[in-house]
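Single-letter residue listing:
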Amino acid sequence: MLRILVLFVFLIPVLAFSQTATVKGVVKDAADGTTVPGAYVSINNTYRGITDMDGRFELSDVPYGAYIITVAVAEMDTLMENLEVNRPVMELEYKVGNTTELEEFKVIAPIVGRRTPVAATTIGSEKIVEELASRDIPMLLNATPGVYATQTGGGDGDSRITVRGFDQRNVGVLIDGVPVNDMENGWVYWSNWFGLDNITNTIQIQRGLGATKLAMPSVGGTLNIITSGIGNKKGISFKQEFGTGTFLRSSLSYNSGLTKKGWGVVFSGSYKQGNGWVDGTNTQGGFYYAKIQKKLEKHLLTLSGFGAPQQHGQRSFNQRIQYWDAATARDMGLTVDSAQAYDRGIRFNQHWGYRTVDGKQEIMNERLNYYHKPQVTLKDFWTVNNKLSISNIAYLSIGRGGGTRLSNSSGIQYKADGTIDWDAIVKTNQVDQLFGGPNVDPLYSTTELKSTQALVSSVNNHFWVGYLGQFTYEHNQKWQTSGGIDYRYYKGTHYQEIRDLLGGDYYVNDANLNSSTPMMRKGDKVSLNTYNNHRDGLVQWGGAFGQVEYKDTRWTAFLNLSGVSNSYKGIDYFQKKVLEVGDTTLRIGATDTITYQGQTYTASSDGLEDYATDWKTLFGGTVKAGASFALTEYMTVFMNLGYLSRTPQFSNVIDNNTNSFFYEILNEKILAAEAGYGYANNRFGINVNGYVTNWQNKPFPFGVSIPDPQDPTANIYVNINGMDALHIGGEVDLAYEITKKISGEFMFSYGDWRWNSSETVTIPDLNNYTFTFDAKGVHVGDAAQTMANVGLRYEPIKNLFFKVQYQWFDRYYANFTPFSLQGANAGRESYKLPSYGLLNLFVGYKYRFGKVNTFFNGSITNVLNTMYMADATNNFYGTDFDAASASVMFGQGFRFNLTLGIQF
């Protein structure tokens, strides 16, 4: 019934008639009065056009009425003004220029224009409002060439994104010019950025090495997120959302605009809660954002801060296909093993259940992510004169939070429906299962209850401070030079602590037996294994860059050089201790007992110090160059080349298990080339490009597990160098205004991403240990290599739109470790998932009451409730490289989101 009601909203018929006019005019540069070709002109995003070589535009059949006209130039400011259409022919003139605020954006987070020689897609705030529908930002980008995004286990904020086959560890993400990729492993945690869509002005994804000036780890691409400033339309807005899983979100935003005294304030806040589409992925969180700007004669000072404290349930594991849906397994020719779990349903989640608290049943998550990562930024943008501008940015981020799990995964008690039986766990901790009395252990206490199962939190706190200084100098109208420095200091603290004793009073674990306090209480740091329990990861990053740009009426070109110094250090507080006796260093694990010169030492012995590595510094650099040429006022061709010597991430420099440096730490080397063609007129635009990226010495995150040459019964982690990958592909995207009311879009991308190595590697520092692998010609896994998107937008009347979108994904090879391709498995392809397509529907309507705008937006994603597998891991349950051996995660089904809002 609910689906019928929601679909009914999307099919409301509305009719209207009005007089029409022709709106035409010219766009000029405010600095020198010259006309601006290629400017985007839009009236309520319904009547659109691009200025010709003389800077002129003409929009026909515009009904009489009140509108907002937008004039946008990628490298200048965006004008938004009220327009009253009240006569048959309107002749207008608009001047755009490099206002202080948007000149600042050019320097700190460049949003490239149509003639910049890189492949890029820009998404404006209107498209974000229409299509995001409270999803994670990566899901909006699935309509972009070369981008594959999934919601992984389905937890709120747990999405991931790949660009041209490179995961988000290798996609640089910037928010207002500040990099936000994790400094240890490069990952991006989207749950930390909930609510950012409220104040996002523009999202641009530059594919490939891109035109970003910073020394970024951008192999797949760079994602720039630009927030609203005082230059955007002033006013107050409030919106209320309701969606699948009883999702509720309330948002309030305020923009003062620029006052006469040069002050401006932007504020936004959100609160959300919901139960999630996947069982047990309940979510709750808030978002706050504040920006204060003061415009002085030649300075724009900005102080901004934002954060998103949240917690959400997660679903962590892939499973056999039959686990989720036995019928799908049978249709694929698989035998359903009744001895294994099956037919749980694709919304099932084994990491939650109900717990009785004060006589009431409450949801409790075993896998709960909780985090708060506030970030504060202070910026000074100084227009020294009409040629020179300087930007200084200082930022601070302090993250606190982690994720939970049970201490004994093999001892979890479940109900018949597969959910966790929390009450049974509590009873086991409180009652002796053999004798029925209190569950006490006289070895530790005769009165306190000993928990055999506890909820443990893996805490991942960080402290991050950075400085970014840049300048831009315009020699003349054709030549420009820019440069700057980038410094970052990061400290990540990681440990495990008792979060809930589940009815008991203390917890004891084997790894704590040699501790002076083996009885662990709530809040105590605990070791669930010998290693990886309490450590710091320290990173210092120093970078410098310089860029020269040339631009005339036809040519645009740039040359970029950057260098980076990356330093790493590890400190181990809990598992490993160090004692220096003469020239001998003893490293003692938490459970070790070592005798030296008649003296016995344990981890709790007096005189032991925390074990810390020395600082290790590696150097890298980038060379990028590109050029574009305007064949005509409508057609442009471009090409770019780049070489990147990339320093490894922390996780491939220091082994977290032993807090020691990996053997043979080498830089990664990336060579990339790209060429493309673009055509755009007032009604039609198309971009076609091809790329080649050769990634040499690509490491496996956190190292590769091999048998310890000194102890064959144990494994150690090492860096295996020499793995190369070759990513080749082509992309096309187009937009066409079929009529004034109907427009369409199309995207298609095809990748041929393969591993390119077959070698035997010798590690001299490990007793000449040899490691052989053969992955040459094997397709890279973990992302669809063929993708398409078709969209049709219909506006039957002013301010009402319907949009239908179909997305198709194919040639997804299950994720795997290429180093595992050895012996009989050499050169074998991983399991390839079935292709799938998703139908999405969007609708929106705006209505104006005097100075008050009201709006409605609705969306349905996966309208047909298509069942599909979105993620997979190869050979998780065997070695046959097939569907029976693979573990998979199904994507989400029918979901809706409705938004009502008001602006004034």
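Predicted, not measured: the structure shown is a model, and the values here were computed from it.

Asker: What should I look at first to understand the overall build of the protein chain in this one?
Answerer: From N to C terminus, the protein chain includes seven helices and 56 strands. The 904 residues of the protein chain split such that 56% are buried. Long-range pairs, those at least 24 residues apart, make up 67% of the contacts in the protein chain between residues at least 6 apart in sequence. Summed over its atoms, the accessible surface of the protein chain is roughly 37,300 Å², and 55% of this surface lies on carbon and sulfur atoms.

Asker: What am I meant to see in the sheet that holds strand β2 (residues 40–43) here?
Answerer: The strands making up a sheet associate through backbone hydrogen bonding, with each pair oriented either parallel or antiparallel. A sheet is described by the order of its strands in space; here four strands give the open sequence β3-β2-β5-β6, paired in antiparallel fashion. Bordering the open sheet on either side are β3 (47–50) and β6 (79–85), each of which pairs with just one other strand. The sheet shows a mean angle of 20 degrees between the axes of neighbouring strands, direction not considered. Judged from the seven bridges that link them, strand β5 (residues 65–72) and β6 form a sheet pairing that is antiparallel. Within β6, the position partnered with Val 71 by the bridge is Leu 79.

Asker: What should I look at first to understand the packing of aromatic side chains in this one?
Answerer: Ring pairs (aromatic) are described by centroid distance and by the angle formed between their planes. Evaluated as defined, the whole model comprises 24 aromatic pairs. Relative to Trp 324, the ring of Tyr 323 lies with its centre 4.9 Å away and its plane at 85 degrees, an arrangement referred to as edge-to-face. You'll find Tyr 323 and Trp 324 in the same group, each marked buried. Ring geometry for Tyr 847 and Phe 849: centres 4.6 Å apart, planes at 65 degrees, overall edge-to-face. Following the ring pairs from residue to residue traces out a cluster consisting of Tyr 148, Phe 809, Tyr 812, Tyr 836 and Tyr 868. Lying across the ring of Tyr 691, Arg 164 places its NZ or CZ 3.9 Å from the centre. Positioned above the aromatic ring of Phe 661 is the side chain of Lys 616, whose terminal nitrogen or guanidinium carbon lies 5.5 Å from the ring centre.

Asker: Explain the pattern of salt bridges to me, please; I cannot follow it from the model alone.
Answerer: Two side chains that carry opposite charge are able to pair once their charged atoms sit near each other. Scanning all chains against the criterion turns up 30 salt bridges. Where Glu 737 meets Lys 740, a salt bridge forms, and the shortest distance between an N and an O atom there is 3.9 Å. Given the relative accessible area of 5%, Glu 737 is considered buried. Residue classification places Lys 740 among the partly exposed residues on the basis of a relative accessible area of 26%. Among the charged side chains, a salt-bridge network with shared partners connects Lys 127, Glu 131, Glu 745 and Lys 803.

Asker: Could you clarify how one ought to interpret the sheet that holds strand β27 (residues 420–421) in this entry?
Answerer: Read across the open sheet, the three strands follow the order β23-β22-β27; overall the sheet is mixed. What marks the edges here is a single partner per strand, and that holds for β23 (360–365) and β27. Lying on the sheet, helix α7 (residues 422–430) is in contact with β22 (352–357), β23 and β27; it crosses β22 at an angle near 60 degrees.

Asker: Help me understand the side chain of Arg 135 in this model?
Answerer: With respect to the helices and strands, the residue Arg 135 is situated in the loop between α3 (125–131) and α4 (137–140). In this structure the side chain of Arg 135 is engaged in a polar contact, spanning 2.7 Å, whose partner is the backbone oxygen of Glu 131. Within the structure, Arg 135 has its side chain in polar contact with the backbone oxygen of Leu 132 (distance 3.0 Å).

Asker: Even after reading the chapter, I still don't get the nonpolar core, so can you show me in this structure?
Answerer: What tends to happen in soluble globular proteins is that the nonpolar side chains get buried as a cluster. Tyr 148, Ile 321, Ile 720, Tyr 831 and Val 888 are the most contacted members of the largest nonpolar core, which totals 59 residues. Ranked by size, the runner-up nonpolar core spans 30 residues in total, among them Leu 132, Leu 141, Ile 161 and Val 180.

Asker: Would you mind going over the pairing of strand β53 (residues 852–861) with me for this structure?
Answerer: For a regular strand, side-chain orientation follows a simple rule: the groups alternate between the two sheet faces. Most of β53 sits inside the fold, with eight of its ten residues counted as buried. Where strand β52 (residues 836–849) and β53 come together, nine bridges link them in antiparallel fashion. In the strand pairing of β53, Phe 849 is matched with Val 852. Between the end of β52 and the start of β53, which pair antiparallel, lie two residues, with Gly 850 showing a positive phi angle near 60 degrees. Note that β53 and strand β56 (residues 895–903) share nine bridges and pair antiparallel. What sits directly across from Thr 861, in β56, is Arg 895.

Asker: Honestly, the environment of Thr 447 in this entry has me stumped. Any pointers?
Answerer: Here Thr 447 lies in the loop between α7 and β28 (450–451). In this structure the C-alpha to C-alpha distance between Thr 447 and Asp 505, which are 58 residues apart in sequence, comes to 9.6 Å.

Asker: For this particular structure, what's the right way to read α7?
Answerer: Along an α-helix, residues three or four positions apart point the same way, because every turn accommodates 3.6 residues. Trp 422, Ala 424, Ile 425, Val 426, Thr 428 and Asn 429 are the residues of α7 that are buried. Buried positions along α7 lie against β22, β23, β26 (388–406), β27, β28 and β29 (455–474).

Asker: Would you take a moment to explain unusual backbone geometry for this structure?
Answerer: Residues apart from glycine generally show negative phi values, whereas peptide bonds are mostly found in trans. Positive phi values are uncommon outside glycine, yet Ser 134 reaches one of about 60 degrees. Residue placement: Ser 134 occurs in the loop between α3 and α4. Positive phi, close to 60 degrees, is recorded for Asn 697, a residue that is not glycine. Here Asn 697 shows up in the loop between β43 (684–696) and β44 (704–708).

Asker: Sorry if this is basic, but what is going on with the confidence of the model for the protein chain here?
Answerer: Keep in mind that low pLDDT regions are not for reading the predicted coordinates in detail. Mean pLDDT over the protein chain works out to 87, with 89% of the residues at or above the 70 mark. Note that pLDDT drops below 50 for residues 4–17; the model gives that stretch 18 contacts with residues more than four away or on any other chain.

Asker: Please clarify how the environment of Asn 185 should be interpreted in this entry.
Answerer: If you trace the backbone, Asn 185 turns up in the loop between β13 (178–179) and β14 (200–207). Linking Asn 185 and Pro 701, residues 516 residues apart in sequence, is a C-alpha distance of 7.7 Å. Ignoring sequence-local partners within four residues, the contact set of Asn 185 consists of Arg 169, Gln 649, Ser 651 and Phe 702.

Asker: What exactly am I supposed to notice about the side chain of Ser 562 here?
Answerer: For Ser 562, the position within the fold is in strand β33 (residues 555–581). Ser 562 gets classed as buried once you look at its relative accessible area, which sits at 10%. Not counting chain neighbours up to four residues away, the residues in contact with Ser 562 comprise Lys 213, Ala 215, Ala 544, Phe 545, Gly 620, Gly 621 and Thr 622.

Asker: Sorry, what's going on with the environment of Ala 329 here?
Answerer: In this fold, Ala 329 is placed in helix α6 (residues 326–331). C-alpha of Ala 329 to C-alpha of Ala 883: the two residues are 554 residues apart in sequence and 8.6 Å apart in space.

The rules behind these values
- Residues numbered from 1 in each chain as written.
- Predicted model: local features only at pLDDT ≥ 70, side-chain atom pairs only at ≥ 80, totals over all residues.
- Heavy atoms only, no water.
- Helix = DSSP H or I, 4+ residues; strand = E, 2+ residues; numbered from the N terminus.
- Buried < 20%, exposed > 50% of the residue type's maximum accessible area, 1.4 Å probe, protein only.
- Contact = heavy atoms within 4.5 Å.
- Areas by Shrake-Rupley, 256 points an atom, 1.4 Å probe, with all protein chains shown as cover.
- Pairing = 2+ DSSP bridges.
- Axes fitted to C-alpha atoms, helices over the stretch in contact; angles between N-to-C directions.
- Phe/Tyr/Trp six-rings, centres within 6.5 Å; stacked < 30°, edge-to-face > 60°.
- Lys NZ or Arg CZ within 6 Å of the ring centre and 35° of its normal.
- Salt bridge = Lys/Arg side-chain N within 4 Å of Asp/Glu carboxyl O.
- Polar contact = N/O pair within 3.5 Å; in protein donor to acceptor, adjacent residues only side chain to side chain.
- Core = buried A, V, L, I, M, F, W, Y, C linked by side-chain atoms within 4.5 Å.
- pLDDT = per-residue confidence, 0-100.

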